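What the coordinates show
Chain by chain, the residues run as shown.
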Amino acid sequence: MAKIKFAVIGNPIEHSMSPEIHEYFASQNKLSNFSYKKILSTEADLENDISKFFSCGGRGLNVTIPFKLSAYKLCNQLDSTASRCGSVNTLVKDENKIIGHNTDGLGFIDDLRTKNISLVKSKILIIGAGGSAMSICSALLNSNQEVNISILNRTIVNAEKLISFFKDSKLEMYNKKDSYDLIINTTPISMSGEEIYLPMDILKNNPTCYDLFYSKETTSFQKWAYNHGVEKCFDGLGMLIHQAKHSFFIWNGITPDTNLLEDNLRFI
Ligand code: NDP
């Protein structure tokens, strides 16, 4: 029987645990003809690689760093989760149209809930202003939890672009006088293991910290936070599992069981 093809496209892509998660969901639901691959692409080849994947029978594609904003522009149609945040992480082909969704924000909120992290009236700092920062901003602004969000990014003009996309008074540029309840690192600084240079005063309220990057070991951002006295800093494995759960539903119409998966993946 021909395989039903799924994949994740990004650069770098080697670190991705999406294949393990989707293959686990498939076997849990007895989808035996399921395949999920990693595709390494470049900005120049992205359009061609996406269309090749679908023209060769691909059913669903996840998009990861750094292509979430570029892939958004290549979609023929967007669902509300993508149009609200200007970025996509899940593509599906329907007849001749590529339809873009974004499940990152939903996955992030699900993981906060699982970890009992309250958002009510929180002051939140998002570090980064790329594709995942856009989806997280959108999810937080739509959470009805009276949050206030600040953006700190290496390239100021990209932070300004993000803020002007949402046009929401609860969203502003980072101000060094402020203190935060929750800090979310959406940059890939943990990926390279490079030295972390972030303003120390962001930690003055002993915030809960969250690194979107995930690894079986403690990430560089987690180490940085713990070394500077933070008590709780999570990595993004839980979010990865929950965003995958929502993508799996879009493609297969089944909500997989995620119970115990995070613990199991850490011990494989
Ligand atoms: P993007 O490329 O869209 O955005 C990256 C952002 O990080 C940009 O704001 C960029 O700033 C900034 N940045 C890049 N390199 C550095 C650096 N060396 N120092 C400081 N800032 C930097 O990537 P994504 O938003 O798609 O992904 C970001 C990270 O989040 C990745 O590590 C990815 O694996 C992780 N992720 C995890 C998910 C999960 O489910 N756990 C889901 C989505 C993402 P500038 O504007 O200056 O270029």
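To start, this report covers the structure provided alongside it. (Residues numbered from 1 in each chain as written. Predicted model: local features only at pLDDT ≥ 70, side-chain atom pairs only at ≥ 80, totals over all residues. Heavy atoms only, no water.)

Here the focus is the pattern of salt bridges. Counted according to the given criterion, the structure contains 9 salt bridges. For Lys68, the salt bridge is made with Asp104, and the minimal N-O distance between the two is 2.5 Å. Here Lys68 is found in helix α3 (residues 68-74), whereas its partner Asp104 is found in helix α5 (residues 104-114), with 36 residues between them in sequence. Given the relative accessible area of 12%, Lys68 is considered buried. Among the ionic pairs, Asp110 bridges to Lys245, the shortest N-O distance being 2.8 Å. Here Lys245 lies in helix α10 (residues 237-252) and Asp110 lies in helix α5, a separation of 135 residues in the sequence. Just as Asp110 is buried, Lys245 falls in that class too. One continuous salt-bridge network, built from bridges that share partners, spans Asp111, Lys115, Asp235, Glu262 and Arg266. (Salt bridge = Lys/Arg side-chain N within 4 Å of Asp/Glu carboxyl O. Helix = DSSP H or I, 4+ residues; strand = E, 2+ residues; numbered from the N terminus. Buried < 20%, exposed > 50% of the residue type's maximum accessible area, 1.4 Å probe, protein only.)

A separate point is the packing of helix α1 (residues 18-28) against α10. One can describe the packing of α1 onto α10 by two numbers: an axis separation of 10 Å at closest approach and a directional angle of 55 degrees. Accordingly, the angle class assigned to the pair α1 and α10 is oblique. Read as a crossing pair, α1 and α10 show a hand that is right-handed. Mapping the contact onto sequence places Ser18, Ile21, His22, Phe25 and Ala26 in α1 and Leu240, Ile241, Gln243, Ala244, Lys245, Ser247, Phe248 and Trp251 in α10. Looking at the contact of α1 with α10 residue by residue, the classes come out as 8 nonpolar, 4 polar and 1 charged. (Axes fitted to C-alpha atoms, helices over the stretch in contact; angles between N-to-C directions. Parallel < 35°, antiparallel > 145°, perpendicular 65-115°, else oblique. Left-handed = near helix turned anticlockwise from the far one by under 90°. Contact = heavy atoms within 4.5 Å. Nonpolar A, V, L, I, M, F, W, Y, C, P; charged D, E, K, R; others polar.)

With that out of the way, let us pick up the site of the ligand. Around the ligand lies a shell of 26 residues, among which Ala129, Ser132, Asn153, Thr155 and Asn158 are the nearest. Contact distances for the ligand include 2.9 Å between an oxygen atom and a backbone N or O atom of Gly131. Contact distances for the ligand include 2.8 Å between an oxygen atom and a side-chain N or O atom of Asn153. Look at the ligand: alone it shows 930 Å² of surface, and the protein chains cover 86% of it. Listing elements by their share of the shell around the ligand, those giving two or more residues are α6 (131-141), α8 (189-192) and α10. (Near = heavy atom within 4 Å. Polar contact = N/O pair within 3.5 Å; in protein donor to acceptor, adjacent residues only side chain to side chain. Areas by Shrake-Rupley, 256 points an atom, 1.4 Å probe, with all protein chains shown as cover.)

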